[in-house]
Amino acid sequence: MKANIIFPLMVVIASSCYGVLSTIIKVAMGHGFTSEEAVTSQYIIGFMLALLLFILTQRQLPKMTKSGWITLIGAGLFTGTTGIVYGQSLNYLPASLAVVMLFQFTWIGLFIDCFIKRRLPTRTEVISLLFLFAGTILAAGVLDVDLSGIAWQGWAFGFAAACSFACFVQVNSRPVEGVTTTARVTIMSFVALLLISAFLTPEIAFNGRLFGEGLWIYGVVLGVMGIILPIYLFSIAVPKVGGALASILSAMELPVAITASVIILSEPITIVQIIGIGLVLFGMILPTLLSTRKTKRQHIAT
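Residues numbered from 1 in each chain as written. Predicted model: local features only at pLDDT ≥ 70, side-chain atom pairs only at ≥ 80, totals over all residues. Heavy atoms only, no water.

Comments concerning the pattern of salt bridges
So the rule is basically this: Basic side-chain nitrogens of Lys or Arg form a salt bridge, by our definition, when they fall within 4 Å of a carboxyl oxygen of Asp or Glu. For helices the rule is a DSSP run of H or I covering at least 4 residues; for strands it is a run of E covering at least 2, with both sets numbered from the N terminus onward. Exposed residues in this analysis have more than 50% of their type's maximum accessible area, buried residues have under 20%, and partly exposed residues fall in between, with area computed by a 1.4 Å probe over protein chains only.
Here the structure, examined in full by the defined rule, presents five salt bridges. Linking Glu37 and Arg209 is a salt bridge whose minimum nitrogen-to-oxygen distance equals 2.8 Å. With Glu37 in helix H3 (residues 35-57) and Arg209 in the loop between helix H9 (181-199) and helix H10 (215-241), this residue pair connects regions lying 172 residues apart in the sequence. Two residues, Lys117 and Asp113, come together in a salt bridge whose shortest N-O distance is 3.4 Å. Note that Lys117 and Asp113 are positioned in helix H6 (residues 105-117) at a spacing of four residues, about one turn of the helix. For Asp113, a relative accessible area of 3% puts it in the buried group. One network of salt bridges, with partners in common, ties together Asp113, Lys117, Arg119 and Glu125.

Observations concerning unusual backbone geometry
At Arg118, a position not held by glycine, the phi torsion is positive, near 55°. We classify Arg118 as exposed; its relative accessible area is 81%.

Re the packing of helix H4 (residues 66-89) against helix H8 (residues 152-172)
Applied cut-off: Where helices are involved, their axes are fitted lines through C-alpha atoms of the stretch in contact, as for all axes, and angles between N-to-C directions lie from 0 to 180°. When an angle is under 35 degrees it counts as roughly parallel; over 145 it counts as roughly antiparallel; between 65 and 115 it counts as roughly perpendicular; any other value is oblique. Here a crossing is taken to be left-handed if its near helix is turned anticlockwise relative to the far helix by less than a right angle, and right-handed if that turn runs clockwise. Should any heavy atoms of two residues lie within 4.5 Å, those residues are considered in contact. All amino acids are sorted into three groups, where Ala, Val, Leu, Ile, Met, Phe, Trp, Tyr, Cys and Pro are nonpolar, Asp, Glu, Lys and Arg are charged, and the leftover types, Gly among them, are polar.
Relative orientation of the contacting elements H4 and H8 amounts to 155°, with a least axis distance of 8 Å. Between H4 and H8, the angle is such that the two are roughly antiparallel. Both H4 and H8 take part in a crossing whose hand is left-handed. Only Gly154, Phe157, Gly158, Ala160, Ala161, Ser164, Phe165, Cys167, Phe168, Val171 and Asn172 of H8 make contact with H4, whose side of the interface consists of Thr71, Gly74, Ala75, Phe78, Thr79, Thr81, Thr82, Val85, Tyr86, Gln88 and Ser89. Residues of the contact of H4 with H8, tallied by class, amount to 11 nonpolar, 11 polar and no charged.

Points about the side chain of Gln42
In this fold, Gln42 is placed in helix H3. Apart from the residues lying within four places of it in its own chain, the contact partners of Gln42 are Leu21, Gly219, Leu222, Gly223, Gly226 and Ile227.

Some words on the packing of aromatic side chains
So the rule is basically this: Pairing of aromatic rings covers Phe, Tyr and the six-membered ring of Trp, with a centre-to-centre limit of 6.5 Å; geometry is then stacked below 30 degrees between planes, edge-to-face above 60, and tilted otherwise.
Enumeration over the complete set of coordinates arrives at 11 aromatic pairs. A ring pair is formed by Tyr18 and Phe165, whose centres lie 5.4 Å apart and whose planes are at 90°; its orientation type is edge-to-face. Placement of the pair is Tyr18 in helix H1 (residues 2-19) and Phe165 in helix H8, with a sequence separation of 147 residues. Phe165 shares its class with Tyr18; the two are buried. Their ring planes at 25° and their centres at 6.0 Å tell us that Tyr18 and Phe234 sit as a pair that is stacked. Of this pair, Tyr18 sits in helix H1 while Phe234 sits in helix H10, and the two are 216 residues apart along the sequence. Assigned by exposure class, Tyr18 and Phe234 land together as buried. Among the aromatic side chains, those forming a connected cluster through ring pairs are Tyr18, Phe105, Phe165, Phe168 and Phe234.

Written out as structure tokens, the structure is:
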């Protein structure tokens, strides 16, 4: 019974880590750094921390099959692309709408899982998505946002971020035999850093912005909350719970993002948003509750 709870809980904690990233990036921007610099610092410091853990605990790369390398490289690439396109979407979209666009990974991830496994969504999954979608609209406050002046690039980058994150969850749901979690995180963060360096601002590591002007402080927080903790937890838990349920449980990202913005940035919150957060939380825990109840009934029957 504990195993049925611990792995979904790890997914919830991992997604909660992602929920605070946008707020931390906004704080960094308020101190004179760009969003590109903040995101780049996240991947530089994140890889450095992962490499340090790897050196202290292993020091030797594991032997993997070709499919194992493809899985880890793919997960690393989708980690990097999510950071790139989501950061770009914030240049065109209001923060609340950018979160809503990213949040579309829930149904995208479910449909990808159904396509891969050649199945139809279950009734529980469909009901959960309905609660998640309704709660997202209310919680993000997009009903009060004027959408007429938003450039098409914002919609495109936002949807691309959702697709990229959904693909990350699916690829990361594949177990890789013979690879420790530390080695997995190190390889994935290195691949993501290479991709980020090709598109954003890797020069901050050499021009004094990262270590000379204090950006490293935000990089450490972003690296831990955006690389180390979530990838560790996702790598352990997602193969256990599956890509479809992981996508639904990752809905915790939205309530955490809104809560962090209220506490840290002093942004206002309305009753409608609180109701939306409640709907998101209910839609998120519904599959786990029903699964636990089903397991109890089967246990009693035997």
